[in-house]
Amino acid sequence: QYTPEYTPQGKEPPKGPPQPFPYALSSTYLTYLARTEVEIHKEMVKYAQALHERLGMIHAYLQDYEESSIKGTSHMPEDADPWQRATQIAAHPITAYRMVRRFATEFDHLGSHVSQQLERQLEERINKLSGVFPWPSEKDLGDAMDAILRVHYVYNLNLEEFARGNIMGIKTDVGFTPSQSFKIAEYAAKNEYYSLALDWLRVTESRIKEENDTISVSGFSLANTYKRNIEKHDRDFDRNKHNSHLYMFTERLSENPNAPTLRSVNYEKLKGVAKEDHPEAGHYNFLALCNGENFQRPRYQATLKCWYDKRHPYFYLYPLKAELLNHEPLLIQFHDIIGDAWTRDMKKAAMPTLQRAPQNVPGATPRTAVYAWLEDEHIPNAPIGRRIELITGLHVRGMNASEALQIASYAYGGHVSTHFDSLGGNPDKDPILKLKGDRVTTFLVYLNEVQKGGLTAFPVLGTHVQPVKGSAVLWYTALKNGQIDMRMLHGACPIVLGHKWIATKWTHLNKNFLTRPCDLNPDI
Ligand SMILES: O=C(O)CCC(=O)C(=O)O
Ligand SMILES: [Fe+2]
């Protein structure tokens, strides 16, 4: 009996009405689905095999009947009386014998009971699994397509390559079929991702041609979607929407089908430009940083350094590897600060309460991830608070000094739009803010290596952080006067290939206004 071992919610089925799981947003849920499908596939193979055998038996039966009873009476007229025909069959020793044999052995063994039994088994298994965890829905499929389209847009994918399984230079064997890429094209067109839709339509078309496949997508629906996408684009273009719309072209498509996309033109024009100089520069800087660019001046970069930090005696035994990514405001990455055992403990402790991060909530940053909050007692063997205190000199563990540890997990396409970690609320209206003060530092630990994508990008600083397993990045989210430091704008670039897990600890101002160290930089 299959009992899922690796379930998003631990071993217990959820109590109360099943909540929809954000399957496409979380590597945990996706992994669970993948694990479940291993079992379903096994049952399907058994069932298909049984059906195949059954079909073979049915064919053998038909052949026997046709070769004996039909052949033996083929000299009789088409409209002969069936009784006369039956008499003829019964009179011939071989046709009669073959008939008796069929009745005696075949009808009971046409295999129906085997395949029927397997069909019941399969149905039971699927019902059982979908009873424990709700099945992915249309909404999840939408999330899954959004994730693909986000990766497509941010990394300006060469879709011909991607759809064949070449994931930004990493060759895999799995691509999309023409009907699958067409489905994404239709979804993109419907959601006004005009430039993306056109790419998917072109890929669909070239695949159809290449494979000479005239069945899976009809020429009519392909042409129709093309036409509608162009018409709708041009209508919006005429309404001057190209001033705000990210997915448009620089010209009307009906006049120039090869017009460049706004993304590609603006990307070249605006990357590296300061926000003060162009209102849209921030967006294109973020894209460029996600694509691995860096806009710190070479002279400035030359002043950045790595060193072994031994301020605390603890670090004589385990020297702390520090890497300065920006002087002022400070951005610093510490390497090898936690090992696999702690990482495992954190993921495991977070698993039972992972939930979808709020999306489309006014005031909240759009993010596609799942997360959970861990108190120290949830991870007694991974005392991260003390380690952060040793590394940073901040108050982390005391009352109101920090928040619980946030564990977040992203799946492919998962991202966080640019934001500030300080919340900037009004302490007179918010008792918790009054008690703790606003967030003052972010200490973000990367719990695994991401194969492609998933950088943390800082568009104002013009730099990005590579998610290196076991490393952590530290910055001040607020100025010394407690106000949000606008230079610390940052976001998480979409994951392209792999998983991304992070653990974040935010310290708060009231317990930390005396701890603000100026000695993290080795020069001071
Ligand atoms: O995942 C990342 O790299 C950044 C996440 C982040 O900025 C946040 O959770 O506030
Ligand atoms: Fe953040």
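Residues numbered from 1 in each chain as written. Chains lettered and ligands numbered in written order. Predicted model: local features only at pLDDT ≥ 70, side-chain atom pairs only at ≥ 80, totals over all residues. Heavy atoms only, no water.

A look at the packing of aromatic side chains
Point 1. Considering all chains together, one arrives at 11 aromatic pairs under this definition.
Point 2. Arranged with centres 6.4 Å apart and planes meeting at 20 degrees, the rings of F334 and F443 form a pair that is stacked. Of this pair, F334 sits in strand β5 (residues 331-335) while F443 sits in strand β10 (residues 439-446); the two residues are 109 residues apart in sequence, bridging distant segments of the chain.
Point 3. Owing to a relative accessible area of 0%, F334 belongs among the buried residues under this scheme.
Point 4. Given the relative accessible area of 1%, F443 is considered buried.
Point 5. Seen in terms of ring centroids, F458 and W475 are 5.0 Å apart; in terms of plane orientation they differ by 90 degrees. Their pairing is edge-to-face. (Phe/Tyr/Trp six-rings, centres within 6.5 Å; stacked < 30°, edge-to-face > 60°. Helix = DSSP H or I, 4+ residues; strand = E, 2+ residues; numbered from the N terminus. Buried < 20%, exposed > 50% of the residue type's maximum accessible area, 1.4 Å probe, protein only.)

Describing the site of ligand 1
Point 1. R367, Y410, H419, D421, L444, T456, H490, A492, K500, I502 and W506 make up every residue found near ligand 1.
Point 2. With respect to ligand 1, the side chain of H419 contributes an N or O atom lying 3.0 Å from an oxygen atom.
Point 3. Between an oxygen atom of ligand 1 and a side-chain N or O atom of H490, the distance comes to 2.9 Å.
Point 4. Breaking the shell around ligand 1 down by element, the ones donating at least two residues are β15 (490-492) and β17 (500-508).
Point 5. In terms of residues, the shell around ligand 1 owes the most to one element, β17, which gives 3 residues.
Point 6. Split by residue class, the shell around ligand 1 holds 5 nonpolar, 3 polar and 3 charged. (Near = heavy atom within 4 Å. Polar contact = N/O pair within 3.5 Å; in protein donor to acceptor, adjacent residues only side chain to side chain. Nonpolar A, V, L, I, M, F, W, Y, C, P; charged D, E, K, R; others polar.)

Quick notes on the coordination of the iron ion (ligand 2)
Point 1. Every protein donor of the iron ion (ligand 2) is listed here as H419 (NE2), D421 (OD) and H490 (NE2), and their distances to the metal cover 2.1 Å.
Point 2. Mapping the donors of the iron ion (ligand 2) onto the primary sequence gives the spacing H-x1-D-x68-H. Of this pair, H419 sits in strand β9 (residues 416-419) while H490 sits in strand β15; the two residues are 71 residues apart in sequence, bridging distant segments of the chain. Side by side, H419 and H490 carry an identical accessibility label, which is buried. (Donors = N, O, S within 2.8 Å, 3.2 Å for Na, K, Ca; no water.)

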